[in-house]
Amino acid sequence: MKIVISGGGTGGHFYPAMAVLEAFERQGHQVSYVGAKRGIEAEKVAAFTPHFQLLELSGLLGHRLRYKLHSLWQLSRAVSHLRRHFRSHRPDAVLGFGGYASAAAIVAARLCGIPTFLHEQNARAGLTNTVLDRFTTASFSAYGNLGENMGLPLRATAFHPLPSQQRSNLLIMGGSQGSLFLNTFVLDYLPHLTALNIDIYHQAGAPLYDEFKEQLHRRYGHELPEHYHCFAFRDDIHEIMAHSSIALSRSGAGAVFELMSLQVPTVFIPFPAAAHDHQYHNALFFEQRGCAMVHRQEEFLQNPMQIINRLRSHKEEYHEHLRQLSLRTSPDELAHRVLQLLPGR
Ligand SMILES: CC(=O)N[C@H]1[C@@H](OP(=O)(O)OP(=O)(O)OC[C@H]2O[C@@H](n3ccc(=O)[nH]c3=O)[C@H](O)[C@@H]2O)O[C@H](CO)[C@@H](O)[C@@H]1O
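For every chain, the first residue of the written sequence is number 1, and numbering continues from 1 onward in sequence order. Local features are withheld for residues below a pLDDT of 70 in this predicted model, meaning they are given only at 70 or higher, and side-chain atom pairs are given and counted only at 80 or more; totals for whole chains, interfaces and linings count all residues. Excluding hydrogens and water, the side-chain figures rest on all heavy atoms present in the structure.

Undergrad: Is there a simple way to explain the packing of aromatic side chains in this structure?
TA: Centre-to-centre distance and the angle between the planes together describe a pair of aromatic rings. Note on ring pairs: Phe, Tyr and Trp rings are taken, using the six-membered ring of Trp, and paired if centres are within 6.5 Å. Classes follow the plane angle, with under 30 degrees stacked, over 60 edge-to-face and the rest tilted. Tallied over the full model, the rule gives 13 aromatic pairs. Between F14 and Y33, the ring centres sit 5.9 Å apart and the planes meet at 80°, which makes this aromatic pair edge-to-face. Taken together, the positions of F14 in helix α1 (residues 11–26) and Y33 in strand β2 (residues 30–36) put the pair 19 residues apart, joining distant regions of the chain. Here's how the labels work: a residue is buried when its accessible area is under 20% of the maximum for its type, exposed when over 50%, partly exposed in between, all with a 1.4 Å probe on protein chains only. Given a relative accessible area of 0%, F14 falls into the buried group. Measuring from centroid to centroid gives 5.9 Å for F14 and F48, while their planes differ by 80°, and the two rings are edge-to-face. Residue F14 is located in helix α1, and its partner F48 is located in the loop between α2 (41–44) and β3 (52–55); the two are separated by 34 residues in the primary sequence. The exposure class of F48 is buried, given its relative accessible area of 18%. Each member of the aromatic cluster is reached from another via a ring pair, and the members are F14, Y15, Y33 and F48. Directly above the ring of Y15 sits R155, whose terminal nitrogen or CZ lies 3.7 Å from the centroid. Secondary structure follows DSSP: runs of H or I at least 4 residues long count as helices, runs of E at least 2 residues long count as strands, and numbering of each begins at the N terminus. Only Lys NZ and Arg CZ are tested; either one counts as a charge over a ring when it is within 6 Å of the ring centre and within 35 degrees of the ring normal.

Undergrad: Even after reading the chapter, I still don't get the pattern of salt bridges, so can you show me in this structure?
TA: Opposite charge on two side chains lets them pair, provided their charged atoms get close. Throughout this description, the term salt bridge denotes a Lys or Arg side-chain nitrogen within 4 Å of a carboxyl oxygen of Asp or Glu. Under the definition given, this model contains 12 salt bridges. Note that K37 and E56 form a salt bridge whose closest N and O atoms lie 3.5 Å from each other. With K37 in the loop between β2 and α2 and E56 in the loop between β3 and α3 (65–89), this pair connects stretches of sequence that are 19 residues apart. With relative accessibility at 48%, the residue K37 sits in the partly exposed group. R218 is the partner of E214 in a salt bridge, and the nearest nitrogen-oxygen pair spans 3.3 Å. With E214 and R218 both in helix α7 (residues 209–220), this residue pair falls 4 residues apart, about one helical turn. A residue is classified by how much of its surface remains accessible, and E214, at 49% relative accessible area, is partly exposed. On the basis of relative accessibility, which here comes to 63%, the residue R218 falls in the exposed class. Shared partners join several salt bridges into a network, and the residues in it are E43, K44 and D235.

Undergrad: Would you mind showing me how to read the site of the ligand here?
TA: One heavy atom within 4 Å of a molecule or strand makes the whole residue count as near it. Neighbouring the ligand are 26 residues, the closest being N122, S176, E258, H278 and Q279. Polar contacts, as counted here, are pairs of nitrogen or oxygen atoms within 3.5 Å of one another; within protein the pair requires one atom able to donate a hydrogen and one able to accept it, and residues that are adjacent in sequence qualify only if both atoms are side-chain atoms. The separation between an oxygen atom of the ligand and a polar side-chain atom of E258 is 2.5 Å. Here the ligand has 760 Å² of accessible area as a free molecule, and 90% of this is covered by the chains. If you list the elements that add at least two residues to the shell around the ligand, you get α1, α8 (237–242), α9 (253–261) and α10 (278–287). Residues were grouped as follows: Ala, Val, Leu, Ile, Met, Phe, Trp, Tyr, Cys and Pro as nonpolar; Asp, Glu, Lys and Arg as charged; and all remaining residues, including Gly, as polar. Of the residues belonging to the shell around the ligand, the class tally is 8 nonpolar, 15 polar and 3 charged. In this document the domain limits rely on a domain assignment from an automatic tool or a database. Counting contributing residues, the shell around the ligand receives three or more from each of domain 1 (2–153 + 330–341) and domain 2 (157–324). Using the Shrake-Rupley algorithm and a 1.4 Å probe, accessible areas are obtained, with residue cover drawn only from the displayed protein chains.

Undergrad: Mind showing me how you'd approach the packing of α1 against helix α14 (residues 331–341) here?
TA: The axes of two packed helices give the description: the angle between them and the distance between them. One can describe the packing of α1 onto α14 by two numbers: an axis separation of 8 Å at closest approach and a directional angle of 70°. Between α1 and α14, the angle falls in the class roughly perpendicular. As for how α1 packs across α14, the hand of that crossing is right-handed. Here A19, V20, A23, F24 and R26 of α1 lie close against α14, whose contacting residues are P331, D332, L334, A335, V338 and L339. For the contact of α1 with α14, the class distribution of residues is 9 nonpolar, no polar and 2 charged. Angles here are taken between N-to-C directions and fall from 0 to 180 degrees, while the axes themselves are lines fitted to C-alpha atoms, restricted in helices to the stretch in contact. Note that the term roughly parallel is reserved for angles under 35 degrees, roughly antiparallel for angles over 145, roughly perpendicular for angles of 65 to 115, and oblique for everything else. Put simply, a crossing is left-handed when the front helix is turned counterclockwise from the back one by less than a right angle, and right-handed when it is turned clockwise. Residue contacts follow a heavy-atom distance rule, with two residues in contact if any of their heavy atoms lie within 4.5 Å.

In structure tokens, the structure reads:
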């Protein structure tokens, strides 16, 4: 079968797409990828597949009218291009994971009569996927709020939790772009954090990293504590997660499912501007199952060290709930389901 996978912009859309792309390849299918030139995929996709194309596309939301019109023009050009491409290559299915390129791919495939599928990662679906859902052969979601519940497909490295005795680190994770809120928290609380006497791994985010490092040096000089490790983005983040006994993280769907899969008791601090407050709901699902805590930013700042210490002292209880959690994260299962649902199969 020939399968086209699309989805990117941020890591939250891109990595589930790559997990499923690899699953289709393992099953012997021919897979190609469509993404955007300005998304995370431009830098990362070649490590997953040589069969990709990156289009000139940008987001529509939150910009001035002139920019929106330009984005719409780019979108219509991308759709025409993909229609021509799909007509000559005739893929058997197109599967979108969100992000601007994915909308273009789904619309173009639909116009060519090719079966289309989409996957929604968040506990509250965004406007684009809610609209696109009406045009797909089937839709899937990580939390069961759109179409069929298939969980969140994860990369192979996110499936191997270490026993709790082999972990000791604190991971502070801002999501694929980093979090200004978490960076500012680290800046203000570094002496308290290092007093915990454990290794701290802080992912500051590529767009924020240089400025954050400068602020850190201005505030604390160039001799930073030996057990504080700050980085922009690491491809081996699952290794760091697996060695963490606790974490503090934004609640993008990717971070949430990966931390839960690797059984890391976590305090989630949702990004307040996420559409329909989806980051809060992403994390709340796991708090209700005793696997994590969720705190709004302002609530967290009232007494952050007390919250971290509470998580630390109850980590074995969280860990126990995490061990019992049945989490759907299989990319192979999603790939099988797409093939099953193809008309005429
Ligand atoms: C600010 C924003 O709008 N974020 C959205 C974005 O998430 P965003 O991309 O910020 O975050 P997610 O947590 O969903 O995904 C991040 C991905 O990047 C990977 N990673 C991260 C850091 C690193 O150093 N190395 C690394 O590989 C993580 O392992 C994960 O797979 O899409 C998600 C899925 O639709 C949404 O839930 C988020 O609300």
